[in-house]
Amino acid sequence: MAWHEQVAVVTGGGRGIGRATALMLARRGAAVCVNYAARADAAQAVVDDITAAGGRAMAVGADVADSAAVGDMIDRVMAQWGPVTILVNNAGVSRQATLDTYDPALLERMRRVNADGVIHTTRAVMAAMRERRYGRIVNLSSIAAIGTSLPGNAFYAASKAEVVALTRRFALELGPHGITVNAVSPGFVRTDMTQANRGQADWARVESQLAERAMMGRIGEPEDIAHAVTFLSAPESGWITAQVLVVDGGRMDYIGHG
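Reading the values: rules and limits
- Residues numbered from 1 in each chain as written.
- Predicted model: local features only at pLDDT ≥ 70, side-chain atom pairs only at ≥ 80, totals over all residues.
- Heavy atoms only, no water.
- UniProt positions renumbered as here; feature names shortened; annotations may be inferred.
- Axes fitted to C-alpha atoms, helices over the stretch in contact; angles between N-to-C directions.
- Helix = DSSP H or I, 4+ residues; strand = E, 2+ residues; numbered from the N terminus.
- Parallel < 35°, antiparallel > 145°, perpendicular 65-115°, else oblique.
- Left-handed = near helix turned anticlockwise from the far one by under 90°.
- Contact = heavy atoms within 4.5 Å.
- Pairing = 2+ DSSP bridges.
- Salt bridge = Lys/Arg side-chain N within 4 Å of Asp/Glu carboxyl O.
- Buried < 20%, exposed > 50% of the residue type's maximum accessible area, 1.4 Å probe, protein only.
- Right-handed = clockwise from strand over helix to strand, strands pointing away.
- Nonpolar A, V, L, I, M, F, W, Y, C, P; charged D, E, K, R; others polar.

With an unreviewed UniProt entry as reference, the protein chain is termed Glucose 1-dehydrogenase, source organism Vineibacter terrae. In UniProt, the protein chain has this text filed under Sequence similarities (unreviewed entry): "Belongs to the short-chain dehydrogenases/reductases (SDR) family."

If you want it as structure tokens, here you go:
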């Protein structure tokens, strides 16, 4: 399928990595649904940027943790443009906690968005992908799932490790139907989420520390991740599946021994 025939859904597409990905897919020629859960204004701003450049886009609100809401979103997209051919599972929540500060309610919400959201969206698009024997699904995990040494990320890492496991198992299940399922695991990227609750001085310190831990000597930008997602979403990437592409600038602070 050519790019102009593609219909993409980018969850959490209003800001950060999701925004950069939505813009990049639209520039390739895909029609893009910019999903959001709370920030309708941010999602609409992305849509406005895409349409101003001559592209096709729509903003649709849906909490990916809610399977019924996800189903309604996909129905709207299909009514507008036809079957979804590209799904980017970018929506995510990050909550720092240690064993001492464990909050079951907050961490369950994080897991429902980060992991259950992947299940809900994949189930919502897979029937049409199977019918056409074509599909590209890209899930956003994190290098936390592999084991970086930042403290307080154990439960976030667990939710993103589940994304990796689901990616590989869904690839096995959907591959015979012409559907690829891959994951991108970003390193530390400059986004609204990573900058939240950090003042200018604190952010400068964090950025400097994490840049020193990367071989490339800098933190990531949303476009760094969007390029990887777009590559795995491309029609030409049809023989790449069940892979986890780490995009972290060469981080050197992993706690594993493999």
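Asker: So what's going on with the packing of helix α4 (residues 104–132) against helix α5 (residues 154–174)? Residues and values would help.
Answerer: Direction vectors running N to C along α4 and α5 enclose 15°, while the axes themselves pass 9 Å from each other. Considering their axes alone, α4 and α5 lie roughly parallel with respect to each other. Considering only the axes of α4 and α5, their crossing is right-handed. Note on element contacts: α5 touches α4 through Phe 155, Tyr 156, Ser 159, Lys 160, Glu 162, Val 163, Leu 166, Phe 170, Glu 173 and Leu 174, opposite Leu 107, Met 110, Arg 111, Asn 114, Ala 115, Val 118, Ile 119, Thr 122, Met 126 and Arg 130.

Asker: If you had to explain the sheet that holds strand β4 (residues 86–89) to someone new, which residues and values would you point to?
Answerer: Read from one edge to the other, the open sheet built from seven strands follows the order β3-β2-β1-β4-β5-β6-β7, with strand pairing classed as parallel. On the outer flanks of this sheet lie β3 (57–61) and β7 (244–247), each paired with one strand and no other. On average, adjacent strands in this sheet sit at an angle of 20° to one another, irrespective of strand direction. Here three bridges tie strand β1 (residues 7–10) to β4, and the two strands are oriented parallel to one another. Across the sheet, the residue bridging to Val 9 is Leu 87, located in β4. Across the sheet, α5 is in contact with β5 (135–140), β6 (179–186) and β7; its angle to β6 comes to roughly 160°. Against the sheet, helix α8 (residues 222–233) contacts β4, β5, β6 and β7, and its axis sits at roughly 165° relative to β6.

Asker: Got a sec to walk through the pattern of salt bridges? Specific residues and values, please.
Answerer: The final tally for this structure, using the stated rule, is 15 salt bridges. Put simply, Glu 221 and Arg 190 hold a salt bridge, and the shortest N to O gap is 2.9 Å. You can see Glu 221 sitting in the loop between α7 (200–212) and α8 and its partner Arg 190 sitting in the loop between β6 and α6 (192–195), a full 31 residues away along the chain. The class for Glu 221 is partly exposed, based on a relative accessible area of 25%. Across the pair Asp 202 and Arg 198 runs a salt bridge, and its minimum N-O distance is 3.9 Å. With a relative accessible area of 26%, Asp 202 lands in the partly exposed category. A residue is classified by how much of its surface remains accessible, and Arg 198, at 29% relative accessible area, is partly exposed. Each of the salt bridges in this network shares a partner with another, and the network as a whole consists of Glu 108, Arg 111, Asp 116 and Glu 162.

Asker: Break down the pairing of β1 for me, with residues and values.
Answerer: Note on strand geometry: in a regular strand, side chains alternate between the two faces of the sheet. Neither face of β1 is left uncovered, since the one carrying Val 7 and Val 9 and the one carrying Ala 8 and Val 10 both have all their residues buried. Taken together, the four bridges between β1 and strand β2 (residues 31–36) define a ladder with parallel strand orientation. Within the sheet, the bridge partner assigned to Ala 8 lies in β2 and is Val 32. Between the parallel pair β1 and β2, the chain is carried across by helix α1 (residues 16–28), and the sense of this crossover is right-handed.

Asker: Can you explain the packing of helix α3 (residues 67–81) against α4? Please cite residues and give values.
Answerer: Running from N to C, α3 and α4 point in directions that differ by 35°, and their axes come no closer than 8 Å. The two elements α3 and α4 meet at a crossing, and its hand is right-handed. Where α3 approaches α4, its residues Ser 67, Val 70, Ile 74 and Met 78 are matched on the opposing element by His 120, Thr 121, Ala 124, Val 125 and Ala 128. Classifying every residue of the contact of α3 with α4 gives six nonpolar, three polar and no charged.

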